[in-house]
Amino acid sequence: MKAGDLVKRKRAESGHRGDLGLFVGFRKSGNYEYAEVIWFKHKAPNGDAVSSVQISLLEVVNESR
């Protein structure tokens with residue numbers, strides 16, 4: 001996964017399964033690495049444009065060239 005890839009959420013408790021977004025990049029907090037995504041149909045729970053999400057919950061739909 002690299003910046004600019006179109007990603008899809010595999011599963012979600014919040015009902016956003018299958019949502020598409022633009023992968024922005026990886027971030028680290030201590031030993032934990034997560035992805036940052038801009039979702040097309042909704043914002044992050046805190047209202048921001050960029051949402052933090054567990055990497056294993058994402059799948060690449062279309063890799064950027």
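For the structure given in this document, a descriptive report is provided here.

### Some points on the overall build of the protein
Consideration 1: Within the protein, the regular secondary structure consists of zero helices and five strands.
Consideration 2: Secondary structure elements of the protein occur, N-terminal to C-terminal, as β-β-β-β-β.
Consideration 3: Residues classed as buried in the protein amount to 28% of the 65 residues present.
Consideration 4: Sequence-distant contacts, at least 24 apart, represent 33% of the contacts inside the protein between residues at least 6 apart.

### Examining the pairing of strand S4 (residues 50-53)
Consideration 1: Of the two faces of S4, the one holding Ser51 and Val53 is buried and the one holding Val50 and Ser52 is not buried anywhere.
Consideration 2: Both strand S3 (residues 32-39) and S4 contribute to a ladder of four bridges, which runs antiparallel. Paired with Ile38 across the bridge in S4 is Val50.

### What to know about the packing of aromatic side chains
Consideration 1: One pass over the structure, following the stated rule, counts two aromatic pairs.
Consideration 2: A ring pair is formed by Tyr32 and Tyr34, whose centres lie 5.9 Å apart and whose planes are at 20 degrees; its orientation type is stacked.
Consideration 3: For Tyr32, a relative accessible area of 44% translates into the label partly exposed.
Consideration 4: Classification of Tyr34 by relative accessible area gives buried; the value is 15%.

### Some details on the sheet that holds strand S2 (residues 20-29)
Consideration 1: If you trace the five strands from one edge of the open sheet to the other, you get S4-S3-S2-S1-S5, paired in antiparallel fashion. Strands with a single pairing partner mark the edges of an open sheet, and in this sheet they are S4 and strand S5 (58-62). Adjacent strand axes in the sheet meet at a mean angle of 45 degrees when their direction is disregarded.
Consideration 2: Sheet topology places strand S1 (residues 6-9) next to S2; three bridges connect them, and they run antiparallel.

### Quick look at the nonpolar core
Consideration 1: One finds Val7, Phe23, Ala35, Val37, Trp39, Val53, Leu57 and Leu58 forming the largest nonpolar core, which totals eight residues.
Consideration 2: At three residues, the largest contribution of residues to this core is made by S3.

### Structural notes on a nonpolar patch on the surface
Consideration 1: The grouping of Leu20, Leu22, Val24, Ile38, Phe40, Val50 and Val61 at the surface amounts to a nonpolar patch, some 520 Å² of accessible area in total.
Consideration 2: Considering each element in turn, the nonpolar patch owes the most residues, three residues, to S2.
Consideration 3: Tracing the backbone through its elements, the reader meets Val24 in strand S2.
Consideration 4: According to the relative accessible area criterion, Val24 is partly exposed, its value standing at 36%.

Each value, and the rule that gives it
- Residues numbered from 1 in each chain as written.
- Predicted model: local features only at pLDDT ≥ 70, side-chain atom pairs only at ≥ 80, totals over all residues.
- Heavy atoms only, no water.
- Helix = DSSP H or I, 4+ residues; strand = E, 2+ residues; numbered from the N terminus.
- Buried < 20%, exposed > 50% of the residue type's maximum accessible area, 1.4 Å probe, protein only.
- Contact = heavy atoms within 4.5 Å.
- Pairing = 2+ DSSP bridges.
- Phe/Tyr/Trp six-rings, centres within 6.5 Å; stacked < 30°, edge-to-face > 60°.
- Axes fitted to C-alpha atoms, helices over the stretch in contact; angles between N-to-C directions.
- Core = buried A, V, L, I, M, F, W, Y, C linked by side-chain atoms within 4.5 Å.
- Patch = residues over 30% accessible without salt bridge, like charges linked within 9 Å, V, L, I, M, F, W, Y side chains within 5 Å.
- Areas by Shrake-Rupley, 256 points an atom, 1.4 Å probe, with all protein chains shown as cover.
- Salt bridge = Lys/Arg side-chain N within 4 Å of Asp/Glu carboxyl O.

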